Amino acid sequence: MLNLEMLLEENQFVSNEIAKHIHFNKGTAYYNMQTEKFDGQSLQKVIYVISYITKKYSGNRFPIVLNLGKFYFSDKLVYILLECLCYYIINYRKQQIILNFNATHTIASEGIQFSPLIMLGVEKDYNTFNKKN
């Protein structure tokens, strides 16, 4: 997992549309996204959000809560990249990240029910997440 920081460093663009959906409450950053299909563009939005938060508030390590809703992953690569992004945030940035989502199983995303992303829900089991990565 070399050069994971490049996901954030090379994706610095943040539109006002994305920034206005980032909310702060009691020292936690929240982002709500509703999509039917979580694909590369959805992942790019998540990267923009995390990049924006880490750049604008670089001195702080706000916990980040991503409320992604109910969707299906377009393919396995997208959720693996999301796993890598979360791994980087947790282990290199030393920042908490919580993913709230309900992913529908499809043939293109075979194995999502075994993904370490499941560990980043309300339970926040970072140890199990790290062991599975």
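Novice: It is not clear to me how the side chain of Gln95 should be interpreted in this structure. Could you clarify?
Specialist: Mapped onto the secondary structure, Gln95 falls in the loop between α4 (76-91) and β5 (97-104). Judged by its relative accessible area of 3%, Gln95 is buried. The contacts of Gln95, once residues within four sequence positions are left out, are Ile53, Thr54, Arg61, Phe62, Ile64, Ile89 and Ile90.

Novice: How do you make sense of the pairing of strand β1 (residues 22-25) when you look at a structure like this?
Specialist: Where a strand is regular, its side chains alternate between the two sheet faces. Looking at chain direction, β1 and strand β2 (residues 28-32) are connected through 4 bridges and run antiparallel. Its bridge partner being in β2, Asn25 is matched across the sheet by Thr28. What sits between the antiparallel neighbours β1 and β2 is a turn of 2 residues, in which Lys26 has the positive phi angle 50 degrees.

Novice: Help me understand the state of the cysteines, please; the structure alone is not making it clear to me.
Specialist: A disulfide bridge is the covalent bond that connects two cysteines by way of their sulfur atoms. Under the counting rule described, the total for this entry stands at 0 disulfides. Cysteine Cys84 remains unbridged, with the sulfur of Cys86 as its closest cysteine sulfur at 9.4 Å.

Novice: For this particular structure, what's the right way to read the side chain of Glu83?
Specialist: Here Glu83 lies in helix α4. Put simply, Glu83 is tucked away with no salt bridge, and the nearest opposite charge, on Lys76, sits 8.6 Å away.

Novice: What's the story with the packing of helix α3 (residues 40-56) against α4 in this structure? I'm lost.
Specialist: Packed helices, taken two at a time, are described by the angle between their axes plus the distance between the axes. Where α3 meets α4, the axes come as close as 10 Å, and the angle between the chain directions of the two elements is 10 degrees. With respect to α4, the element α3 is oriented roughly parallel. Judged by residue contacts, Gly40, Leu43, Val46, Ile47 and Ile50 of α3 engage Val78, Leu81, Leu82, Leu85 and Ile89 from α4.

Each value, and the rule that gives it
- Residues numbered from 1 in each chain as written.
- Predicted model: local features only at pLDDT ≥ 70, side-chain atom pairs only at ≥ 80, totals over all residues.
- Heavy atoms only, no water.
- Helix = DSSP H or I, 4+ residues; strand = E, 2+ residues; numbered from the N terminus.
- Buried < 20%, exposed > 50% of the residue type's maximum accessible area, 1.4 Å probe, protein only.
- Contact = heavy atoms within 4.5 Å.
- Pairing = 2+ DSSP bridges.
- Disulfide = S-S within 2.5 Å.
- Lys, Arg positive; Asp, Glu negative; His and termini not counted.
- Salt bridge = Lys/Arg side-chain N within 4 Å of Asp/Glu carboxyl O.
- Axes fitted to C-alpha atoms, helices over the stretch in contact; angles between N-to-C directions.
- Parallel < 35°, antiparallel > 145°, perpendicular 65-115°, else oblique.

Spatial relationships are all this shows, so hold off on functional conclusions.
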